[in-house]
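Secondary and tertiary structure notes
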Amino acid sequence: MSKLGQVVESVEKYNQFVLDQVKLARTDEKFGRELLGRWNDVKAKIPVTRTPTGLPLPRLALPEIDEPGEIARYLFGEGLPGEFPYLNAAYREMYLEPVREIESFEKNGGKLDKSANRTDSSRGEKILQTEEPTRLFSGLMLAEDTNERFHYLTRHQRTHRLSTAFDGPTLYGIDSDADGVFGKIGEGGVAIDTVEDMVRLYDGFDLGSPNFSASMTISGPAPIIMAMYIAAAKRRFGPKVVPKLRGTIQADIFKEVQAQNETIFPIEPSLRFLTDMVEFTAREMPRWYPISISGYHIGEAGSTPVQQAAYTLSNGFAYAEMFAARGIPVDQFGPRLSFFLDCGLDVEYIALARVSRRIWAIGMRDVFGAGPKAQLLKLHTQTSGRSLIAAEFKNNLTRTAAELVLAYMNATNSCHSNSADEPFTTPSEEWIRLAAHGQAILLEESGIFKHTMNMLSGSPGMKAVERAVEAAILEEFREIERLGGVLAAVEERYQRSQIQNAAHRYEQQIYDGTRPIIGLNRYRDGDDEIPDVKLARTPRKKQQLQVDRLAKFKKKNAEKAKRALDKLADVVERGENFFPTLLEAVEVCSLGQITGRLQEVVGRFRPMV
């Protein structure tokens, strides 16, 4: 039995354990009293906050139960926020507005809360500083253009959490001067060819600050881009900045083969290069997430929500098995794994991330022997791009708002909201600002999340969805296990074929009206005119500037690049960890030069048919 099969068994055993604890709580008087005492103690220690209208509310909402069996079902089956199995949240508090010292003072019987660390100038009260979960996504034209957009987006943010989209040539590890790519430079993302581009991309941001993190949406050439980021940080802040760097790089090869196609090396060398990077970053960069195990692109390719979660989690367990086989301790790499899920409008999304967090925690603890930090499924969510449509596109604001509510109901750790104009173009400043403001309205203006944890959790409907989703995910695990595990299933094209079938079914449902899309197949006003939306395009002058810069870089470093590439190829052929040598190579070599030389050594990816 593979590790994935063991995960299925461990979840089923844990579910039985919960039922046993419920029965024990109802039959063992002493155990029942202990649980009731713990429950009452937890409730008594919950701080009370006040809404702007003066209404007192607990900072954590718990069900009104006093029967030991139901208390056992909650504590063991769900867990308090921040407690195993983390169904309700990965952390004890999320999204809550800071505790005002006056409220803490009242709650603690006249004793000051020393943890308060900021002053609200309007009331003279100290309040806790929190980190916004909003992640701001951009990537357009050249590095300096994206940099300008980043500064525009972060003007009102306490913490700068930037997510970067790359153009097509960069995603495939191709230089901007390659044949046939000139017109694609800077289209749909930012063009990055060299470490000098990477310096320009994040210019003006303090990369080593605890209030800054960078996320980079790239997988095939992820180790090369990651090395460029480290090199750029060292150029600006010196070598001591490396352990301080915070952020994520996607690097998920499995989802590329299953859904997105941006794979540049054969699968096994791709996984080897990824593991080399993980081994280095887990040791040298304790605040960096070297892989974002991504279901978003699986969802965008057409999967059902259950397929998205099942393939993402099974990919995650496969990576964990692979990293452990390299000899990396689970409690070293486990806390540095992150996840990325889509959030659409299907009912499964009311509980999809919650269930995923629970399955991951149980599997990591019981199959891989992971400690608490490595049990946490740390999640970034993006609202669904597939749900956005061109017809009456302003309705996309409402779709995204509903998806944001679902994402935060699931206690996502960070979130990106798509722009309404994305069916047409790279988002404009107006619509990207509205997308960011959607999150601010939900988290700061509304009272849905900022006063009380678990405000919308635990309804009978949510619990019914949780049970159904968990059972369906485990059934997908069993089928992947039957095929021989994740890699074997990939080689059989299982995940890809299932995604394609689901995508066809989705489109058929839109066509026949069984899946209503407001403004498209229902309540359409008959106006088929294309809206006047300004398209974002990269001017030819900028594209030529990128090519000229690259030519200058290559000319300047020609001799050094040759030696660096020879050394890199030699290290790869000897089977050593190539990442330290890659860090040297990116100082003098372009992305395309490195990709091309590595392909000479390990070959190119050939899509499966």
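Residues numbered from 1 in each chain as written. Predicted model: local features only at pLDDT ≥ 70, side-chain atom pairs only at ≥ 80, totals over all residues. Heavy atoms only, no water.

Focus on the overall build of the protein chain
When you go through the protein chain residue by residue, the secondary structure sums to 24 helices and 13 strands. Taking 25 Å as the expected radius of gyration for a compact globule of 609 residues, we find that the protein chain reaches 25 Å, a close match to that expectation. Dimensions of the protein chain along its principal axes, counting C-alpha atoms only, are 80 × 60 × 60 Å. Buried residues in the protein chain amount to 56% of all 609 residues. Long-range pairs, those at least 24 residues apart, make up 77% of the contacts in the protein chain with a sequence separation of at least 6. Accessible area of the protein chain: about 26,000 Å², with a carbon and sulfur share of 52%. Placing the 78 positive and 82 negative side-chain charges of the protein chain at their respective mean positions leaves the two points 5 Å apart. (Helix = DSSP H or I, 4+ residues; strand = E, 2+ residues; numbered from the N terminus. Rg over C-alpha atoms; globule rule 2.2 N^0.38 Å. Buried < 20%, exposed > 50% of the residue type's maximum accessible area, 1.4 Å probe, protein only. Contact = heavy atoms within 4.5 Å. Areas by Shrake-Rupley, 256 points an atom, 1.4 Å probe, with all protein chains shown as cover. Lys, Arg positive; Asp, Glu negative; His and termini not counted. Charge placed at Lys NZ, Arg CZ, Asp CG, Glu CD.)

Considerations on the confidence of the model for the protein chain
Here the protein chain averages 90 in pLDDT, and 92% of its residues register 70 or above. The least confident element of the protein chain, judged by mean pLDDT, is strand 3 (residues 118–120) at 37; the most confident is helix 14 (residues 352–366) at 98. Within the model, pLDDT remains below 50 along residues 110–129, and this stretch shows 40 contacts once partners closer than five positions in the same chain are excluded. (pLDDT = per-residue confidence, 0-100.)

With respect to the packing of aromatic side chains
Following the criterion strictly, the structure yields 27 aromatic pairs and no others. Seen from their ring centres, phenylalanine 393 and tryptophan 431 are 5.3 Å apart, and the 65 degrees between their planes marks the pair as edge-to-face. With a gap of 38 residues between them, phenylalanine 393 in the loop between strand 12 (379–383) and helix 16 (396–409) and tryptophan 431 in helix 17 (residues 429–445) connect regions that are remote in the sequence. Neither phenylalanine 393 nor tryptophan 431 differs from the other in exposure class; each is buried. A network of ring pairs unites the aromatic residues Phe150, Tyr202, Phe205, Phe212, Tyr229 and Trp288 as a single cluster. Its end group placed over the ring of phenylalanine 368, lysine 3 keeps NZ or CZ at 5.4 Å from the ring centre. Its guanidinium or amino end placed over the ring of tyrosine 289, arginine 336 lies 4.2 Å from that ring's centre, counting from NZ or CZ. (Phe/Tyr/Trp six-rings, centres within 6.5 Å; stacked < 30°, edge-to-face > 60°. Lys NZ or Arg CZ within 6 Å of the ring centre and 35° of its normal.)

A closer look at the pattern of salt bridges
What the rule picks out here adds up to 36 salt bridges. Residue lysine 463 pairs with glutamate 78 through a salt bridge whose shortest N-O separation is 2.6 Å. In this pair, lysine 463 sits in helix 18 (residues 460–482) while glutamate 78 sits in the loop between helix 3 (68–77) and helix 4 (101–107), placing the two residues 385 residues apart along the sequence. A residue is classified by how much of its surface remains accessible, and lysine 463, at 18% relative accessible area, is buried. By relative accessible area, glutamate 78 is classed as buried at 10%. For aspartate 197, the salt bridge identified is with arginine 200, shortest N-O distance 2.7 Å. Of this pair, aspartate 197 and arginine 200 both sit in helix 7 (residues 195–201), separated by 3 residues, roughly a single helical turn. (Salt bridge = Lys/Arg side-chain N within 4 Å of Asp/Glu carboxyl O.)

Observations concerning helix 21 (residues 540–556)
Taking 1.5 Å of rise per residue, 17 residues should cover 24 Å, and helix 21 covers 24 Å from first to last C-alpha, within 8% of that figure. If you follow the buried residues of helix 21, they end up packed against helix 7. (Expected span 1.5 Å × (residues − 1).)

A closer look at the sheet that holds strand 12
As summarised here, the arrangement of the 4 strands in space is 10-11-12-13, forming an open sheet in which the pairing is parallel. Strands at the two margins of the open sheet, each flanked by one partner only, are strand 10 (291–294) and strand 13 (414–416). Averaged over all pairs of adjacent strands, the angle between their axes in this sheet comes to 25 degrees, without regard to strand direction. Against the sheet, helix 16 engages strand 11 (337–343), strand 12 and strand 13, with an angle of about 165 degrees to strand 12. (Pairing = 2+ DSSP bridges. Axes fitted to C-alpha atoms, helices over the stretch in contact; angles between N-to-C directions.)

Structural notes on the environment of glycine 485
In this fold, glycine 485 is placed in the loop between helix 18 and helix 19 (486–491). Sequence spacing of glycine 485 and leucine 313 is 172 residues, and the spatial spacing of their C-alpha atoms is 12 Å.

A short note on the side chain of serine 292
Positionally, serine 292 belongs in strand 10. The residues touching serine 292, leaving out its near neighbours within four places in the chain, are Thr248, Ile249, Gln250, Asp252, Ser338, Phe339 and Phe340.

A word on the nonpolar core
Core analysis: the largest hydrophobic core is formed by 156 residues, its most contacted members being Tyr202, Tyr229 and Phe477. The dominant element in this core, judged by the number of residues it contributes, is helix 8 (residues 222–237), at 11 residues. With residues up to four places along the chain from it excluded, the contact list for tyrosine 202 reads Asn147, Phe150, Leu162, Thr164, Leu207, Phe212, Ala214, Met216, Tyr229 and Arg236. Ala391, Tyr506, Ile510 and Ile517 belong to the second-largest nonpolar core, a separate cluster that totals 5 residues. (Core = buried A, V, L, I, M, F, W, Y, C linked by side-chain atoms within 4.5 Å.)

Some thoughts on the pairing of strand 12
Within a regular beta strand, the side chains point alternately toward one face of the sheet and then the other, so they alternate between its two faces. By the criterion of burial, strand 12 is predominantly enclosed, with 5 of the 5 residues buried. Residues of strand 12 alternate between two faces, with Leu379, Thr381 and Thr383 on one and His380 and Gln382 on the opposite face, all of them buried. Bridging between strand 11 and strand 12 involves 5 bridges; their strand directions are parallel. Bridge pairing links phenylalanine 340 to histidine 380 in strand 12. In the classification by handedness, the crossover that spans strand 12, the intervening helix 16 and the parallel strand 13 is right-handed. (Right-handed = clockwise from strand over helix to strand, strands pointing away.)

Quick look at the packing of helix 1 (residues 3–27) against helix 14
Here helix 1 crosses helix 14 at 105 degrees, and the two axes come no closer than 9 Å. Taken together, the axes of helix 1 and helix 14 are roughly perpendicular relative to one another. Packed against helix 1, whose contacting residues are Val7, Ser10, Val11, Tyr14, Asn15 and Val18, the element helix 14 presents Arg358, Ile359, Ile362, Gly363, Arg365 and Asp366 at the interface. A per-class count over the contact of helix 1 with helix 14 returns 6 nonpolar, 3 polar and 3 charged. (Parallel < 35°, antiparallel > 145°, perpendicular 65-115°, else oblique. Nonpolar A, V, L, I, M, F, W, Y, C, P; charged D, E, K, R; others polar.)

Here's the deal with helix 14
Taking 1.5 Å of rise per residue, the 15 residues of helix 14 would be expected to cover 21 Å, and the 21 Å separating its terminal C-alpha atoms lies within 8% of that figure. The element helix 14 is extensively covered by neighbouring structure, given that 13 of its 15 residues are classed as buried.

Description of the packing of helix 2 (residues 29–44) against helix 3
Axis separation between helix 2 and helix 3 bottoms out at 9 Å; the angle between their running directions is 65 degrees. For the crossing formed where helix 2 meets helix 3, the hand is left-handed. Contacts between helix 2 and helix 3 involve Phe31, Gly32, Leu35, Leu36, Arg38 and Trp39 from the former and Pro68, Ile71, Ala72, Tyr74, Leu75 and Phe76 from the latter. Grouping the constituent residues of the contact of helix 2 with helix 3 by class yields 10 nonpolar, 1 polar and 1 charged. (Left-handed = near helix turned anticlockwise from the far one by under 90°.)

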